[in-house]
Amino acid sequence: MKYLYEFRESEKVKLIIKSIEKICKSKWTIMEVCGSQTHSILSAGIDELLPSNITLVHGPGCPVCVTPREVIDKAIALSKMKGTIVFTYGDMLRVPGSRESLFRAKADGAKVKMVYSPFEALEFAKANPDKKVVFFGIGFETTAPCNATVILKARGLNLKNFFVLIAQFRVPPALEAILNDPFNKVQGFLAPGHVCTVMGIEEYLPISEKYNVPIVVTGFESFDISQGILILVSMLERKEKGVKIQYKRSCKPEGNLRAKEVINKVFKIGDLKWRGIGVIKNGGWVLKEEFLDMDANNLLKNYSEEIEEKKEGCIAALILQGKKKPFDCLLFGKECTPLNPLGAPMVSSEGACAAYYKYKR
Ligand code: SF4
């Protein structure tokens, strides 16, 4: 197949679903890790086409959803500082911090600009040496190469007014956190194809071995997802562990060596807090010592952190770990809607609650 539409043809998906029906004998709980996969599943109705003994649960692979409130609070505080401008991606704007969102702060006069690339922030910093420019960059392994590149570029230009507020998450330690949970029900994973396109499968092999779970690196179209489930179910039925790649048109076992090299120049692995899950050991990347002078936290000298405010009744944490689904939340579609989101999974276009609101309500 060559064109995108070919990966969305419903007849092909139906044929694969028939094959899944034929081979599936037992009950299986499968987690699709990435929020984009969740949206594809719901928009194509794959969850409803599958045999009833397969349960799909939705994973924590939505970067906006797992960014802690206190990081958003820091971005807001920076945007309110004299002479400082915060640049970030559009989907971060509406995510609630402890008291408000960047969008609300911007409406009240804070200096926030939406960008499609961190290089827009870099260009602004070059042209405005009197301003302190902060790029608020969040994401998984997919954004890390670009974020690392802009940091290297700023260092090469010797820019003194360019800073970064980074929340850079790593997927494999989150899978381990889910598998280590005594109440875990997940028996197999559809791993995110774009993350593995960057990183390869090397980090997933020991997880599969240690926890005896099959993992299939899967793409994002309905054909990819249904084929990924077919491969995973056949591995589960054969009690086979290991890592297989469904998304071969993009992902190589070794990943993108150039991208990994750039990441390793700027970041080192560190513990990181994931919203809803807590601190995950080695759960992210942090700046290496030689780039710490670009850390926007340095600008927050007199900043006192807010206590994280919990929204009564929001079960986002349980949804992000695959323990509950959005329909289990009593606030879903009532107090909590995309126009008035109470938790991050309803804000983000990749969030599971937003997907259920859009496709299943
Ligand atoms: S529907 Fe809203 S309140 Fe409920 S879990 Fe999702 S984000 Fe939280």
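Caption draft 1: Main features of the overall build of the protein chain. Helices and strands together make up the secondary structure of the protein chain, namely 16 helices and 11 strands. Computed over C-alpha atoms, the radius of gyration of the protein chain comes to 21 Å, within 12% of the 21 Å expected from 2.2 N^0.38 for 361 residues, which places it in the range of a compact globule. Reported as C-alpha extents along the three principal axes, the dimensions of the protein chain are approximately 65 × 45 × 40 Å. The buried share of the protein chain, taken over its 361 residues, is 56%. Excluding contacts between residues fewer than 6 apart, the proportion of contacts in the protein chain whose partners are at least 24 apart in sequence is 78%. Taking the average location of the 52 positive side-chain charges in the protein chain and that of its 40 negative ones, the two points are 1 Å from each other.

Caption draft 2: Main features of unusual backbone geometry. One non-glycine residue, N158, lies in positive phi territory at about 60°. The residue N158 is located in the loop between α8 (144–156) and β6 (162–169) in this model. What makes N158 partly exposed here is its relative accessible area of 48%. A positive phi angle, close to 55°, is found at K239, a residue other than glycine.

Caption draft 3: Spotlight on the nonpolar core. One finds F136, F189, Y204 and V217 to be the most contacted residues of the largest nonpolar core, which totals 61 residues. The biggest single contributor to this core is helix α5 (residues 69–79), with 6 residues. The contact partners of F136, leaving out residues within four places of it in the chain, are V71, I72, A75, V86, F87, T88, M92, L102 and L165. With 28 residues, the next largest nonpolar core counts F87, F162, W285 and M294 among its residues.

Caption draft 4: Structural detail: helix α7 (residues 118–127). Where α7 is concerned, the buried positions are P118, A121, L122 and A125. Taken down its axis, α7 places every buried residue within 100° of arc, on the same side. The N-capping residue of α7, defined by a side-chain oxygen 3.0 Å from the backbone nitrogen of F119, is S117.

Caption draft 5: The site of the ligand, seen in detail. The full set of residues close to the ligand is C314, I315, A316, I319, C329, L331, F332, C336, G343, P345, M346 and C353. Tallied by class, the residues present in the shell around the ligand amount to 11 nonpolar, 1 polar and no charged.

Caption draft 6: Region of interest: the pairing of strand β7 (residues 188–192). Counting buried residues along β7, 5 of its 5 residues qualify, which places the element largely inside the surrounding structure. Where strand β1 (residues 28–34) meets β7, 3 bridges bridge the pair, whose relative direction is parallel. Bridge assignment links M31 to a residue of β7, and that residue is F189. The pairing of β7 with strand β8 (residues 214–218) spans 4 bridges and is classified as parallel. Across the sheet, residue F189 finds its bridge partner in β8, namely I215.

Caption draft 7: Up close: the pattern of salt bridges. Under the counting rule described, the total for this entry stands at 20 salt bridges. E209 is paired through a salt bridge with K241; the nearest N and O atoms lie 3.2 Å apart. A residue pair is termed long-range when its members are at least 10 positions apart, and E209 in helix α11 (residues 204–211) and K241 in the loop between α12 (222–237) and β9 (242–245) qualify at 32 residues. Residue classification places K241 among the partly exposed positions, given a relative accessible area of 34%. Taken together, the shared-partner salt bridges connect D47, E48 and K360 into one network.

So, how was this worked out
- Within any chain, residue numbers begin from 1 and follow the written order of that chain's sequence.
- For this predicted model, a pLDDT threshold of at least 70 governs which residues receive local features, and a threshold of 80 or more governs which side-chain atom pairs are given and counted, while totals over whole chains, interfaces and linings are taken from all residues.
- For side-chain calculations, the full set of non-hydrogen atoms in the structure is used, while hydrogens and water are omitted.
- Where helices and strands are cited, they refer to DSSP runs of H or I of at least four residues and of E of at least two residues respectively, numbered from the N terminus.
- We take the radius of gyration over the C-alpha atoms and set the globule estimate at 2.2 Å times the residue count to the 0.38 power.
- Think of it in three bands: residues with accessible area under 20% of the maximum for their type are buried, residues over 50% are exposed, and the middle band is partly exposed, with areas taken using a 1.4 Å probe on protein chains only.
- Residue contacts follow a heavy-atom distance rule, with two residues in contact if any of their heavy atoms lie within 4.5 Å.
- Note on charges: Lys and Arg go in the positive column, Asp and Glu in the negative column, and His and the chain ends are not counted at all.
- To locate a charge, take atom NZ for lysine, CZ for arginine, CG for aspartate or CD for glutamate.
- By nonpolar core we mean a set of buried residues, namely Ala, Val, Leu, Ile, Met, Phe, Trp, Tyr and Cys, connected to one another through side-chain atoms within 4.5 Å.
- In this context, the arc is that of the directions from the helix axis out to the C-beta atoms.
- Any pair of N or O atoms that falls within 3.5 Å is considered a polar contact. Within protein, one atom must be able to donate a hydrogen and the other to accept it, and sequence-neighbouring residues count only if both atoms are side-chain atoms.
- Any residue with a heavy atom lying within 4 Å of a molecule or strand is counted as near it.
- Lys, Arg, Asp and Glu make up the charged group, whereas Ala, Val, Leu, Ile, Met, Phe, Trp, Tyr, Cys and Pro make up the nonpolar group; the residues left over, Gly among them, are polar.
- Pairing between strands requires that DSSP locate at least two bridges from one strand to the other.
- In what follows, salt bridge is the name for a side-chain nitrogen of Lys or Arg lying within 4 Å of a carboxyl oxygen of Asp or Glu.

Shape descriptors only; they carry no functional weight alone.
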